[in-house]
Amino acid sequence: MPDVFDEVHRRCRDGEPVALATVVATWQSAPQPAGAAMVVTTDGTVVGSVSGGCVEADLYERARRVLDTGQPELRRYGISDNDAYAVGLTCGGILDVFVERVDASALPALDAVAAARRDGHPAAVVTCVAADAHHPPTADATNPPAADVDGPLAGDHNPSAADVDSRPADAHGPPPAADHAGARDPARRLGRRLVLTGQRCVGSLGDDRLDDAASADALGLLAAGRSGMLRYGYHGQRRGNGVSLFVTTYATPPRMIVFGAIDFAAAVARIGAFLGYRVTVCDARRVFATARRFPEADEVVVQWPHRYLATEVAAGRLDERTVVCVLTHDPKFDVPLLELALRQPLAYVGAMGSRRTHDERHKLLTEAGLSPQQLSRLASPIGLDLGGRTPEETAVSVAAQIVAARWGGTGRPLAALDGPIHRSG
């Protein structure tokens, strides 16, 4: 939902309901991860995607029906290789999609998420996507292990390639406003939302103990920057399976810090913004470090690189998603900067330069006390071997290496590999 949130919020604020289809579980080589979403509006406009085109036409019709009836649906799409008329995925994956009507009644939750995003704070939306009428609520909660995340929906078997079915959610209309009677009625749980933004909590899932359990586990997913499924009993029992909740996380954007205000940095900043990073360009030379030269960057900082990085580390503004690209290829900038960067738990640290520059830099960093393990984290010379020459081509090779590092890719041609194309994670 993060990619379509603004559209949903704007339409609902203007009094127009929409149908929201969200991928809530995937298996095998599914084309989109959990959290991917598509919106269908009353005028027939479609925003977003859940499968890259495989099932959107069928989902469009279902979304139009849900928009009219207000009755949510949980739909499973499997493989349709042997039947040209079947709706499904040709990639071998399986996914579950929850389709719901979202209207003005959701504005308190949507406003809370919008405010958090505007202020740069993370937020999580917990939505009830399945409630099993055959598992009645029990009186006592247990004290068990953590909730299951990213597996099949409660009550499902492990799906096979032939498992292509439509399962309407167990509902008789849109969920009412917060009303704890839903704890006794599975139909009234569906579509309920709980929004977490820092210390603030908006909405309810219909039961205080369920709210408490879901809040704790959703905050864990939010800290990891992941969306996923949680399952509980009707009163938040972690060993129960009467209620399935999907957590959509809105984490703050990861950071990309580009050091060195050169033409290659402008191209890297541009592709970093395209990938969703909050981009900072830093250089000690004021004449080169200007916003005009780097219009794609969120900020341009004039400061000695290692001093700026030290300030950001001390302020706690870096995390394990942060990417650092050192393009200065000047030892007086590079060595103190990389010495500090490689001591931090960052997602990626890359440095530009020739092999001769790399060898000299490696020697100086070793003398500075970095361990072989720390030095092994340095991507130098930066980027993958694409044969590129221009700043833009170099930026593509850098971005490709960053993506590969994030998802565990090999950087090799897919045609030369076996197994699934889409990795889990």
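Just so it is clear, the structure is predicted and the values come from calculations on it, not from any experiment.

Caption draft 1: Geometry of helix α10 (residues 391-407). Along its 17 residues, α10 runs 24 Å from first to last C-alpha, staying within 8% of the 24 Å computed at 1.5 Å per residue. Of all the residues in α10, the buried ones are Pro391, Thr394, Ala395, Ser397, Val398, Ala399, Gln401, Ile402 and Ala404. Next to the buried residues of α10 lie β12 (255-259), α5 (263-274), β15 (323-326), β16 (348-351) and β17 (378-379). Backbone geometry just downstream of α10 places Gly408 in the positive-phi region, at approximately 80°.

Caption draft 2: Spatial organisation of the sheet that holds strand β8 (residues 193-197). Taken together, the five strands give an open sheet; going across it, the order is β9-β8-β6-β11-β10, and neighbouring strands pair in antiparallel fashion. Strands with a single pairing partner mark the edges of an open sheet, and in this sheet they are β9 (200-203) and β10 (228-232). Each strand of the sheet is rotated relative to its neighbour by a mean of 25°, with strand direction disregarded. Sheet contacts for helix α3 (residues 107-118): β6 (123-131), β8, β9 and β11 (243-250); angle to β8, the most-contacted strand, approximately 20°.

Caption draft 3: Representation of a nonpolar patch on the surface. A cluster of nonpolar side chains, Phe274, Leu275, Val403 and Trp407, forms an exposed patch at the surface whose accessible area comes to about 420 Å². Looking at where Trp407 falls in the secondary structure, it is placed in helix α10. Judged by relative accessible area, Trp407 falls into the partly exposed class, the value being 41%.

Caption draft 4: Just the packing of helix α6 (residues 305-314) against helix α7 (residues 331-341), in detail. One way to put it is that α6 packs onto α7 with a least axis distance of 8 Å and a crossing angle of 20°. Classified by the interaxial angle, the pair formed by α6 and α7 is roughly parallel. For the crossing formed where α6 meets α7, the hand is left-handed. Contacts from Pro305, His306, Leu309 and Ala310 of α6 reach α7 at Phe333, Pro336, Leu337, Leu340 and Ala341. A per-class count over the contact of α6 with α7 returns eight nonpolar, one polar and no charged.

Caption draft 5: A look at the pattern of salt bridges. Within this structure, the stated rule accounts for 24 salt bridges. The closest approach of N and O atoms between Asp58 and Arg62, which form a salt bridge, is 2.7 Å. Within this pair, Asp58 and its partner Arg62 are both found in helix α2 (residues 56-69), separated by four residues, close to a single helical turn. Put simply, Arg62 and Glu73 hold a salt bridge, and the shortest N to O gap is 3.2 Å. Here Arg62 is found in helix α2, whereas its partner Glu73 is found in strand β4 (residues 73-77), with eleven residues between them in sequence. Look at Glu73 and you get buried, because its relative accessible area is 7%. Through salt bridges with shared partners, a single network forms among Glu7, Arg10, Arg11, Glu16 and Asp43.

Caption draft 6: Inspection of unusual backbone geometry at higher detail. With an omega of -5°, the peptide bond between Ser380 and Pro381 qualifies as cis. Looking at the secondary structure, you find Pro381 in the loop between β17 and α10.

Caption draft 7: Representation of the packing of aromatic side chains. Across all of its chains, the model carries three aromatic pairs by this definition. Relative to Tyr250, the ring of Phe5 lies with its centre 5.5 Å away and its plane at 70°, an arrangement referred to as edge-to-face. Here Phe5, found in helix α1 (residues 5-13), pairs with Tyr250, found in strand β11; they are 245 residues apart in sequence, far enough to count as distant. Judged by its relative accessible area of 2%, Phe5 is buried. Ring centres of Trp304 and Phe333 lie 5.0 Å apart, and the angle between their planes is 45°; on these two criteria the pair is classed as tilted. In this pair, Trp304 is assigned in the loop between β14 (299-302) and α6 and Phe333 in helix α7, connecting sequence segments 29 residues apart. Residue classification places Phe333 among the buried positions, given a relative accessible area of 10%. Sitting over the face of the ring of Tyr77, Arg75 holds its NZ or CZ atom 4.3 Å from the ring centroid.

Caption draft 8: Layout of the packing of α1 against α3. The interhelical angle for the contact between α1 and α3, taken along N-to-C directions, is 130°, at an axis separation of 10 Å. If you check the angle between α1 and α3, you find them oblique. The two elements α1 and α3 cross, and the hand of that crossing is left-handed. Contact residues: Phe5, Asp6, Val8, His9, Cys12 and Arg13 in α1; Leu107, Leu110, Asp111, Val113, Ala114 and Arg117 in α3. Of the residues contributing to the contact of α1 with α3, the split by class is seven nonpolar, one polar and four charged.

Caption draft 9: Focus on the environment of Pro391. By secondary structure assignment, the location of Pro391 is in helix α10. Here Pro391 is in contact with Asp263, Phe264 and Ala267, once residues within four sequence places are set aside.

Scoring rules and cut-offs
Residues numbered from 1 in each chain as written. Predicted model: local features only at pLDDT ≥ 70, side-chain atom pairs only at ≥ 80, totals over all residues. Heavy atoms only, no water. Helix = DSSP H or I, 4+ residues; strand = E, 2+ residues; numbered from the N terminus. Expected span 1.5 Å × (residues − 1). Buried < 20%, exposed > 50% of the residue type's maximum accessible area, 1.4 Å probe, protein only. Contact = heavy atoms within 4.5 Å. Pairing = 2+ DSSP bridges. Axes fitted to C-alpha atoms, helices over the stretch in contact; angles between N-to-C directions. Patch = residues over 30% accessible without salt bridge, like charges linked within 9 Å, V, L, I, M, F, W, Y side chains within 5 Å. Areas by Shrake-Rupley, 256 points an atom, 1.4 Å probe, with all protein chains shown as cover. Salt bridge = Lys/Arg side-chain N within 4 Å of Asp/Glu carboxyl O. Parallel < 35°, antiparallel > 145°, perpendicular 65-115°, else oblique. Left-handed = near helix turned anticlockwise from the far one by under 90°. Nonpolar A, V, L, I, M, F, W, Y, C, P; charged D, E, K, R; others polar. Phe/Tyr/Trp six-rings, centres within 6.5 Å; stacked < 30°, edge-to-face > 60°. Lys NZ or Arg CZ within 6 Å of the ring centre and 35° of its normal.

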